[in-house]
Amino acid sequence: MNERPDPFTPEALKSDPYLHLAGRLVPGGHVLPVRVYYEDTDFSGIVYHANYLKFMERARSDNLRLIGVVQGDLFGEALAEAPGFAFVVRSMELQFLRPARIDDVLEVHTSPSEVAGASITLTQKVMRRDELMVVGQVKVAFVSQGRARRIPDALRTAMKAALDHPGKP
């Protein structure tokens, strides 16, 4: 069998020549640039509202990557602590303020606003230069066997550090 190396080990992340695609850490959180392509738009040429959710999900994932949460390790720890675990979006509140169009370059800003026992609340803003396009609050919960569970220590520590010391990876 052809075995491939685990792409989420700390060594692999440090040597990843494409890590720059994950955006950048900034004081207070993370920024991910996103270009709007034809596939992101609806028949009127503006970004279809559901695609902002995709942009925001990518930003949350890349934020974790850059603050040092190795997803493979996190999943291993989570399985040990809570068999049958899942991360679920518990709630999401969005305000669509301005439309984005094809070829716009947007930035998705992500910052933790609360790290609680079984959930993390993030504020996300989609910007076009200085214009606020979409703003949202996303609460992500950790569940196991259908019940809320304490977030694994590795993720809690990384997110708390980002919240307590903004801009320091």
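Residues numbered from 1 in each chain as written. Predicted model: local features only at pLDDT ≥ 70, side-chain atom pairs only at ≥ 80, totals over all residues. Heavy atoms only, no water.

What counts is decided by this rule: UniProt positions are given in the numbering used here, feature names are shortened, and annotations may be inferred rather than shown by experiment.
In the annotation of an unreviewed UniProt entry, the protein chain is listed under the name Acyl-CoA thioester hydrolase and assigned to Ancylobacter amanitiformis. Per its UniProt entry, the protein chain bears the Sequence similarities (unreviewed entry) comment "Belongs to the 4-hydroxybenzoyl-CoA thioesterase family."

## Observations regarding the side chain of Asn-63
Put simply, the test is: Numbering of helices and strands runs from the N terminus, with a helix taken as a DSSP run of H or I at least four residues long and a strand as a DSSP run of E at least two residues long. The cut-offs for exposure are 20% and 50% of the maximum accessible area for each residue type, with area from a 1.4 Å probe on protein chains only; residues under the lower value are buried, those over the upper are exposed, and the others partly exposed. Contacts are residue-level and defined by heavy atoms, with any inter-residue pair within 4.5 Å sufficient.
You can see Asn-63 is positioned in helix 2 (residues 49-66). Classification of Asn-63 as buried rests on a relative accessible area of 5%. What Asn-63 contacts, discounting residues up to four positions off in sequence, is Leu-25, His-30, Thr-110 and Met-159.

## Let's talk about the packing of aromatic side chains
Spelled out, the test is: Any Phe, Tyr or Trp ring, taking Trp's six-membered ring, that has another such ring centre within 6.5 Å forms a pair; planes under 30 degrees apart are called stacked, those over 60 apart edge-to-face, and the others tilted.
Under the definition given, this model contains 2 aromatic pairs. Ring centres of Tyr-52 and Phe-55 lie 6.0 Å apart, and the angle between their planes is 80°; this geometry places the pair in the edge-to-face category. Placement of the pair is Tyr-52 and Phe-55 together in helix 2, with a separation of 3 residues, close to one helical turn. Given the relative accessible area of 3%, Tyr-52 is considered buried. Measuring from centroid to centroid gives 5.8 Å for Tyr-52 and Phe-96, while their planes differ by 55°, and the two rings are tilted. Here the residue Tyr-52 occupies a position in helix 2, and Phe-96 occupies one in strand 3 (residues 85-96), the gap between them amounting to 44 residues. Here Phe-96 falls in the partly exposed class, since its relative accessible area comes to 42%. Among the aromatic residues, ring-to-ring pairing joins Tyr-52, Phe-55 and Phe-96 into one connected group.

## Thoughts on the side chain of Asp-40
Applied cut-off: The charge count treats Lys and Arg as positive and Asp and Glu as negative. His and the chain ends do not count. By definition here, a salt bridge exists when the distance from a side-chain nitrogen of Lys or Arg to a carboxyl oxygen of Asp or Glu is within 4 Å.
Tracing the backbone through its elements, the reader meets Asp-40 in the loop between strand 2 (29-35) and helix 2. Although Asp-40 is buried, it forms no salt bridge, and the closest oppositely charged side chain is Arg-58 at an N-O distance of 5.5 Å. Residues contacting Asp-40, with those up to four places away along its chain left out, are Arg-35, Ile-46, Val-47, Tyr-48, Asn-51 and Phe-55.

## Things to note about the pattern of salt bridges
All told, the structure shown has 6 salt bridges when counted by the stated rule. With a closest N to O distance of 3.1 Å, Asp-62 and Arg-65 form a salt bridge. In this pair, Asp-62 and Arg-65 both sit in helix 2, 3 residues apart, roughly one turn of the helix. Where Arg-128 meets Asp-104, a salt bridge forms, and the shortest distance between an N and an O atom there is 2.8 Å. Within this pair, whereas Arg-128 is found in strand 5 (residues 119-128), its partner Asp-104 is found in the loop between strand 3 and strand 4 (105-115), the two being separated by 24 residues in sequence. A single burial state applies to Arg-128 and to Asp-104, both of which are buried. Among the charged side chains, a salt-bridge network with shared partners connects Arg-98, Asp-104, Arg-128 and Glu-131.

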